[in-house]
Amino acid sequence: MKRGEPVKFCRFSVDNRTYNGVLRGNMLDIVEGDIYGDFSSMRMSYPVDRVKFLTPIVPNKIWCVGRNYVGHVKELDHELPEEPIIFMKPLTTLVGHGDLVRIPNWAGRVDYEGELAVVIGKRCRKVSEADALSYVAGYSCFNDVTARELQNKDGQWTRAKSFDTFGPFGPVLLLTDRMPGDAAITTRLNGNVVQRDVFSNMIFSVSRIISHISRFATLEPGDVIATGTPEGVGRVAPEDRVEVEIDGIGTLSNPFIAEH
Ligand code: MG
């Protein structure tokens with residue numbers, strides 16, 4: 001398949017089978033192969049409204065960046081970081097577009113965090129900022145759902161970020177090595193805009209983040225990096241719906257429910 005123009009890659013299930021696909025208007029074309037090698041159309045399609053979107057790839061691991069937009073750092077009343085703050089979420093947080101996010105009744109305040117996700121396409125270690133983007137497979141939407149009170153109480157972030165279903169990811173992966181700096185990310189809570197910013201306002205760019213992580217850890221194909229959330233984080237409650245929309249990619253939408 002030609003890689004000349006950006007392709008929206010995804011995984012989906014329909015009729016109890018799972019496929020890799022490419023979004024074409026309101027249709028999903030089934031493809032054979034994956035994003036790390038080559039893939040080609042199988043000349044079979046399903047309408048989008050008939051399928052269940054899965055995470056666009058099966059991630060290898062999930063890296064996250066904390067405090068990466070000035071407005072968000074200020075709203076949390078923190079100092080600007082001198083280098084990227086890196087943490088991780090376990091793979092059991094992952095859910096796809098449309099899946100339920102479950103909030104346990106003992107979790108306290110739980111916040112949405114709309115974020116740009118970067119997917120690594122090639123293994124890299126100690127890569128320079130100048131070369132970093134050549135290791136990117138593409139970009140997607142991510143919601144770094146966070147139990148805010150537990151994050152503050154614990155003094156580190158692992159439990160607060162690691163609840164099952166606290167990592168909505170998708171619906172598609174835009175296959176390009178570069179997101180435009182003026183592309184906007186918008187988060188809506190029950191249809192109301194609560195976060196809106198552009199990627200050029202990141203404190204640390206995608207290339208800086210990749211270079212930074214690769215200095216201490218090998219980045220591998222399928223590694224996902226959630227690049228931090230803009231100003232406007234806030235509480236999400238059971239029965240709410242959160243949408244994370246990124247220009248040129250699409251909208252990740254998830255309903256939240258109470259878990260007892
Ligand atoms: Mg975050």
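Presented here is a report on the structure given in the accompanying data block.

Conventions used here
- Residues numbered from 1 in each chain as written.
- Predicted model: local features only at pLDDT ≥ 70, side-chain atom pairs only at ≥ 80, totals over all residues.
- Heavy atoms only, no water.
- Pairing = 2+ DSSP bridges.
- Helix = DSSP H or I, 4+ residues; strand = E, 2+ residues; numbered from the N terminus.
- Buried < 20%, exposed > 50% of the residue type's maximum accessible area, 1.4 Å probe, protein only.
- Contact = heavy atoms within 4.5 Å.
- Polar contact = N/O pair within 3.5 Å; in protein donor to acceptor, adjacent residues only side chain to side chain.

### Remarks on the pairing of strand E3 (residues 27-33)
- Pairing of strand E2 (residues 17-24) with E3 involves 5 bridges; the strand directions are antiparallel. Bridging from a neighbouring strand, Arg24 pairs with Met27 of E3.
- Hairpin connection, E2 to E3: the antiparallel pair is bridged by 2 residues, and Gly25 has positive phi, about 65°.

### Concerning the environment of Met202
- With respect to the helices and strands, Met202 occurs in the loop between strand E16 (192-198) and helix H5 (206-216).
- Residue Met202 is classed as buried on the basis of its relative accessible area of 10%.
- Setting aside chain neighbours within four positions, we find Met202 in contact with Asn68, Tyr69, Leu116 and Thr227.

### Brief notes about the environment of Ser214
- As for its placement among the helices and strands, Ser214 is situated in helix H5.
- Its relative accessible area of 1% is what places Ser214 among the buried residues.
- As a C-alpha pair, Ser214 and Thr251 span 37 residues in sequence and 29 Å in three-dimensional space.
- Leaving out residues up to four positions away in the same chain, Ser214 has contacts with Cys124, Arg125, Lys126, Val127 and Leu219.
- Among the polar contacts listed, one links the side chain of Ser214 to the backbone oxygen of Ser211, at a separation of 3.0 Å.

### Overview of the sheet that holds strand E18 (residues 234-235)
- Ordered in space as E13-E10-E18, the 3 strands form an open sheet in which the pairing is antiparallel. Edge positions in the sheet fall to strand E13 (146-147) and E18, since each has one partner strand and no second.
- Summarising the sheet, strand E10 (residues 110-112) and E13 pair through 2 bridges and their orientation is antiparallel. Its bridge partner being in E13, Val110 is matched across the sheet by Ala147.

### Details of the pairing of strand E19 (residues 241-246)
- Relative to E19, strand E15 (residues 184-189) runs antiparallel, the two being bridged by 5 bridges. The residue of E19 that forms the bridge with Arg188 is Glu243.
- Where E19 lies against strand E20 (residues 250-259), 6 bridges are found, and the strand directions are antiparallel. Each residue of the ladder has a partner; that of Glu243, found in E20, is Ser253.
- Joining the antiparallel neighbours E19 and E20 is a turn of 3 residues, in which Gly248 adopts a positive phi near 85°.

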